[in-house]
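Notes for the structure review
Single-letter residue listing:
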Amino acid sequence: MSKLDKIFDKLDSVVDRYNELNELISDPEVIADTPKFTKLSKEEGSIRDIVAEYKKYKDVVKQINDDDEMLHEKLDSDFESLVKDELNGLTDKKQQLEHQLKLMLIPKDPNDDKNIIMEIRGAAGGDEGSLFAADLFNMYTKYADSQGWKVEVLDENPTDVGGFKEIDIMISGKKVYSKLKYENGAHRVQRVPITESSGRLQTSTATVGVMPEQQDVNIKINPKDIKTDVYRSSGAGGQHVNKTSSAVRMTHLPTGIVVAMQDERSQQQNRAKAMQVLKSRVYNYYKQASDAKYDQERKSAIGTGDRSERIRTYNYPQNRVTDHRIGLTVNNLDKVMDGDLEGIISALIVSDQAKKLDKLTNE
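Fair warning: this is a prediction, and the values are worked out from it, not measured in the lab.

**Thoughts on the environment of Asn138**
Considering the arrangement of structural elements, one finds Asn138 in helix α5 (residues 127-147). Each C-alpha atom of the pair Asn138 and Asp338 lies 7.8 Å from the other, and the pair is 200 residues apart in sequence.

**A closer look at unusual backbone geometry**
Of note in this structure, Lys175 is not a glycine but carries a positive phi near 55°. Positive phi is not limited to glycine here, since Asn319 has a value of about 50°. Structurally, Asn319 can be placed in the loop between β9 (312-315) and β10 (320-323).

**Focus: the sheet that holds β9**
Overall, mixed pairing links the eight strands, which are arranged β2-β3-β1-β5-β4-β9-β10-β11 in an open sheet. Only two strands of the sheet have a single neighbouring strand rather than two, namely β2 (150-158) and β11 (328-330). Here the strands of the sheet are splayed against their neighbours by 15° on average, with no regard to which way each runs. As judged from the six bridges shared by strand β1 (residues 116-122) and strand β3 (residues 164-172), these two strands associate in the antiparallel manner. Across the sheet, residue Glu119 finds its bridge partner in β3, namely Asp168. Relative to the sheet, α5 contacts β1, β2, β3, β4 (185-191), β5 (202-212) and β9, its axis offset from that of β5 by approximately 45°.

**A look at the packing of helix α1 (residues 3-24) against helix α3 (residues 34-71)**
It is at 9 Å that the axes of α1 and α3 come closest, and there the two elements cross at 130°. By the angle between their directions, the pair α1 and α3 is classed as oblique. The two elements α1 and α3 meet at a crossing, and its hand is left-handed. In contact with Phe8, Leu11, Asp12, Val14, Val15, Arg17, Tyr18, Leu21, Asn22 and Leu24 of α1, α3 contributes Leu40, Glu43, Glu44, Ile47, Arg48, Ile50, Val51, Tyr54 and Tyr57. Grouping the constituent residues of the contact of α1 with α3 by class yields 13 nonpolar, one polar and five charged.

**Section: the nonpolar core**
In terms of nonpolar packing, the biggest core is built from 35 residues, with Met118, Ile120, Leu136, Tyr140, Leu180 and Tyr314 touching the most fellow members. The set of elements that each furnish at least two residues to this core consists of β1, α5, β3, α6 (176-180), β5, α10 (333-337) and α11 (342-361). Per-element accounting of this core gives the leading share, nine residues, to α5. Listed in part, the 25 residues of the second largest apolar core include Leu40, Ile47, Tyr54 and Leu90.

Conventions used here
- Residues numbered from 1 in each chain as written.
- Predicted model: local features only at pLDDT ≥ 70, side-chain atom pairs only at ≥ 80, totals over all residues.
- Heavy atoms only, no water.
- Helix = DSSP H or I, 4+ residues; strand = E, 2+ residues; numbered from the N terminus.
- Pairing = 2+ DSSP bridges.
- Axes fitted to C-alpha atoms, helices over the stretch in contact; angles between N-to-C directions.
- Contact = heavy atoms within 4.5 Å.
- Parallel < 35°, antiparallel > 145°, perpendicular 65-115°, else oblique.
- Left-handed = near helix turned anticlockwise from the far one by under 90°.
- Nonpolar A, V, L, I, M, F, W, Y, C, P; charged D, E, K, R; others polar.
- Core = buried A, V, L, I, M, F, W, Y, C linked by side-chain atoms within 4.5 Å.
- Buried < 20%, exposed > 50% of the residue type's maximum accessible area, 1.4 Å probe, protein only.

Geometric descriptors of this kind do not, in isolation, establish any biological role.
Encoded structure:
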């Protein structure tokens, strides 16, 4: 059986399930059972689009077969030309619908529609690693702006040279996680640092961690498990900074996760935001640590920051960016650092879809 035949077998199974669901949600006994009716209705809604697309595909195939039959009959030259033109258009449409159906069969990542919390850390390379972390922060901020997303700084630890030991941000908008989830890992930079007087090329790294925001997480945190410290904010803010203890640091004692928040003017606002971030991190901790410790999962996700571990290299002398996971190299580093990430992210999405589709057809 060919891969295409397997695809159609799966589509036929989806249609059978769709018809079964429609019968079930029309049953008075199911309608009276609200939880069951809600669950089945949600499932029906989740496959409705693919069933409609498959119907379009079958209609196009029928039209193609009808046109083929007509071409075997005696037709005048003008009408035969019209049929051939229509057949060409239908063949193109058939190919487009086949591609779309394949993509629709790929299981959807439940986190794709969510906002994200991104953690950027200067890693190997000292001051240069922290400066590169700041460059990555600026790159993602500009990319987010091009997508119409909102960027909010949650916490930051700047260095004396203008970089960041670490900076945590929240990016909000449409389908943020679906695009930025591929940024998890160690990012390597090769350039002559501004701090290097001899002009030697240096290799440094910064790590990027991406977590989906969990707004309504199904997790309860015992207040006794949280240690809360309040302190005076540092940074811009005038007299307010020095006179009020508005900054908040929350430590989740069972996991050791720490969230510090000082961005808002009031302690109450910082408490609320810190709790939101803490819930997301604790949720991700328990989700990732089901079979392994959090540190092991984190190392797998974003690496240690060692120079030998990297998902992408940014080579300044050659104006080149290479994504090592898919073997993609582009010679427009200047544009990439200015937020033009769409080409790289699109290539990563296509590669990911191809792998998932291959797995789907080989099951």
